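Spelled out, the chains give:
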2 protein chains.
Amino acid sequence: MEDSTTAFLAAGDPLMQRTLIEGLPSARATMVDTIKFYIDGMPGELRETMGAADFVTVNESEAREIAGTPSIAKAARALLAGGPKGVIVKLGEYGAAFASAEDYFVAPGYPLEDVVDPTGAGDAFAGGFLGYLDSVDVVTPGAIRRAIIYGSTVASFDVEGFGPSRLLTLTRAEVEARYQEFRRLTHFEAGE
Amino acid sequence: MEDSTTAFLAAGDPLMQRTLIEGLPSARATMVDTIKFYIDGMPGELRETMGAADFVTVNESEAREIAGTPSIAKAARALLAGGPKGVIVKLGEYGAAFASAEDYFVAPGYPLEDVVDPTGAGDAFAGGFLGYLDSVDVVTPGAIRRAIIYGSTVASFDVEGFGPSRLLTLTRAEVEARYQEFRRLTHFEAGE
């Protein structure tokens, strides 16, 4: 644990999350998730924990509630002002938005034809995101964008099966192929 | 009217829409929009009109209702099977999805901080989309992707003001700048 370069603090007591982050001073990327229970019940502690993390990940309704605004962009920037290096707002089937001091990135959702079970999609996203950041030499804005697409890719596989079943058979080649498919689905040429 | 290379048939009686399409045999792009009133009341006529159009544009709930599926990708492909060359599913603040025989494209929404009035966003999209297609030499899949971003760009300006007020002062340079911003917001490098 002490040797990890990345750590995901899944939703839990924000004080406990902060203690864990403080125990990993050399981690290149810590990420904090949360749930409404802590947003409502421990807003001050949560704010402090988010400020101590490298990345904060929340879903759309949580972002709006914490920041008190209907605009996803405004909510992401408000959360960013609290201290983390980057904020990821998960938009479910619509993808994700990312804000940092240097960057703003919007990733659409992968166009799945059949969603079997959305359970665990957020944790799968975190795994793909941090796993990619763990593999790069330097965490640049470009690397973070790629990490978001890897996270979205792993999450898109997760929801294709019940629980984590699809992830148990997932291969690196399948992940790479869908990452490239994400690029083909989203890129367009310069205008005129 | 007979000399137009593009035509937008805003939501209306599908029989009337079809008569107008048939009166423009040399148009390079006709686009049909509709509303729940016609989806529920004239489904057969609407299906025939959509099949006669080059492009069909519907919002997410309309797509799901017409196609009878919760999957946006599946709904877009089901509408495509009815005969149009391309189907655009408008996702509001989350962007748009596009399906044709050759392509599938997902465009995220432009991250606006303040939405003043969403009235007319769909019509603004149609104007930007068809206006761009009118300007190109050949309607290729790449041109359609660019047209979707131009449509999304014009729609994003529209919702920044009441009614069409923002569009009345909109300049070509502003449109081009936001189109490029859309690219910066969405593109990412190949993985590894």
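On a predicted model such as this, the values are computed, not experimentally measured, just so you know. (Residues numbered from 1 in each chain as written. Chains lettered and ligands numbered in written order. Predicted model: local features only at pLDDT ≥ 70, side-chain atom pairs only at ≥ 80, totals over all residues. Heavy atoms only, no water.)

Q: Could you give an account of the sheet that holds strand 4 (residues 86–90) of chain A, naming the residues involved and the relevant values?
A: Residue and element names in this part refer to chain A. With respect to topology, six strands assemble into an open sheet ordered 1-2-3-4-5-6, the strand pairing being mixed. Both edges of this open sheet fall to strand 1 (6–9) and strand 6 (104–107), since each of them pairs with a single strand only. The average undirected angle you get between the axes of adjacent strands in this sheet is 15°. In this structure, strand 3 (residues 55–59) lies alongside strand 4, joined through five bridges in parallel fashion. Counted as the bridge partner of Val58 is Val89 from strand 4. (Pairing = 2+ DSSP bridges. Helix = DSSP H or I, 4+ residues; strand = E, 2+ residues; numbered from the N terminus. Axes fitted to C-alpha atoms, helices over the stretch in contact; angles between N-to-C directions.)

Q: I'd like a rundown of the environment of B:Gly163, residues and numbers included.
A: Relative to the helices and strands, B:Gly163 resides in the loop between helix 7 (141–158) and helix 8 (165–168). The residues contacting B:Gly163, other than those within four sequence positions of it, are B:Asp117, B:Thr119 and B:Asp158. (Contact = heavy atoms within 4.5 Å.)

Q: Can you lay out helix 4 (residues 60–67) of chain B for me, pointing to particular residues and giving the numbers?
A: All names here are of chain B. For helix 4, the set of buried residues is Glu60, Glu62 and Ala63. The buried residues of helix 4 occupy an angular sector of 165° when projected down its axis, which confines them to one face. Structurally, helix 4 contributes buried residues whose contacts are with helix 2 (36–41), strand 3 (55–59), helix 5 (72–80) and strand 4 (86–90). A positive phi of about 70° marks Gly68, the residue just after helix 4. (Buried < 20%, exposed > 50% of the residue type's maximum accessible area, 1.4 Å probe, protein only. Arc of directions from axis to C-beta.)

Q: How would you summarise the packing of helix 1 (residues 14–22) of chain A against helix 3 (residues 43–52) of chain A if you had to cite specific residues and measurements?
A: All names here are of chain A. In the contact formed by helix 1 and helix 3, the axes pass within 9 Å of each other and the chain directions differ by 25°. Accordingly, the angle class assigned to the pair helix 1 and helix 3 is roughly parallel. Along this stretch, helix 1 crosses helix 3, giving a crossing that reads as left-handed. Residues Pro14, Leu15, Gln17, Arg18 and Ile21 of helix 1 lie in contact with helix 3, whose contacting residues are Glu45, Leu46, Glu48, Thr49 and Ala52. (Parallel < 35°, antiparallel > 145°, perpendicular 65-115°, else oblique. Left-handed = near helix turned anticlockwise from the far one by under 90°.)

Q: Can you tell me about the relation of the copies chain A and chain B, naming the residues and giving the values?
A: When chain A is fitted onto chain B, the two copies agree to an RMSD of 0.0 Å after a turn of 180° and an axial shift of 0.0 Å. In the structure described here, the two chain copies are related by an operation that fits a two-fold rotation axis. Residue A:Pro108 of chain A places its C-alpha closer to the rotation axis than any other residue of that unit, at 2.6 Å. The share of interface residues of chain A whose copies in chain B are also at the interface is 100%, consistent with both copies meeting through the same surface. (Least-squares fit on C-alpha atoms with pLDDT ≥ 70 in both.)

Q: Run through the pattern of salt bridges, naming residues and quoting values.
A: Enumeration according to the criterion identifies 34 salt bridges over all chains in this entry. Across the pair A:Glu176 and A:Arg172 runs a salt bridge, and its minimum N-O distance is 3.2 Å. Remark: A:Arg172 and A:Glu176 occur in helix 9 (residues 172–186); sequence separation between them is four residues, near one turn of the helix. Residue classification places A:Glu176 among the buried positions, given a relative accessible area of 15%. Residue A:Glu189 pairs with B:Arg146 through a salt bridge whose shortest N-O separation is 2.9 Å. Here the residue A:Glu189 occupies a position in the segment after helix 9, and B:Arg146 occupies one in helix 7, the pair thus bridging two chains. (Salt bridge = Lys/Arg side-chain N within 4 Å of Asp/Glu carboxyl O.)

Q: Kindly report on the pairing of strand 3 of chain A, identifying the contributing residues and their values.
A: Residues and elements named next belong to chain A. Taking burial as the measure, the five residues of strand 3 include four buried ones, the bulk of the element. As defined by bridge partners, strand 2 (residues 29–33) adjoins strand 3 across three bridges and the pair is classed as parallel. Residue pairing for strand 3: Val32 is matched across the bridge by Val56.

Q: Would you mind going over the environment of A:Val89 in detail, with residue names and values included?
A: Residue and element names in this part refer to chain A. Here Val89 is to be found in strand 4. Along the chain, Val89 and Ala155 lie 66 residues apart, while their C-alpha atoms are 14 Å from each other. Discounting chain neighbours no more than four positions away, the residues touching Val89 are Val58, Asn59, Glu60, Ala63, Ile72, Ala76, Gly95, Ala96 and Ala97.

Q: An account of the interface of chain A and chain B is requested, with residue identities and associated values reported.
A: Residue-level contacts link 40 residues of chain A with 40 residues of chain B. Summing both partners gives a buried area of about 3700 Å² for chain A against chain B, and 50% of it is carried by carbon and sulfur. Between chain A and chain B we count eight salt bridges in total. Of the charged contacts, one joins B:Glu113 and A:Arg77 as a salt bridge, the two residues approaching to 2.3 Å between their closest N and O atoms. There are 25 residue pairs in polar contact (both at pLDDT 80 or more) connecting chain A and chain B. Counting residues per element, the ones that place at least two in the side of chain A that touches chain B are helix 4 (60–67), helix 5 (72–80), strand 6, helix 6 (121–135), helix 7 (141–158) and helix 9 of chain A. The greatest single-element share of the side of chain A that touches chain B, amounting to nine residues, is contributed by helix 9 of chain A. Here the side of chain A that touches chain B is composed, by residue class, of 18 nonpolar, seven polar and 15 charged. (Buried area = accessible area lost by both parts, 1.4 Å probe. Polar contact = N/O pair within 3.5 Å; in protein donor to acceptor, adjacent residues only side chain to side chain. Nonpolar A, V, L, I, M, F, W, Y, C, P; charged D, E, K, R; others polar.)

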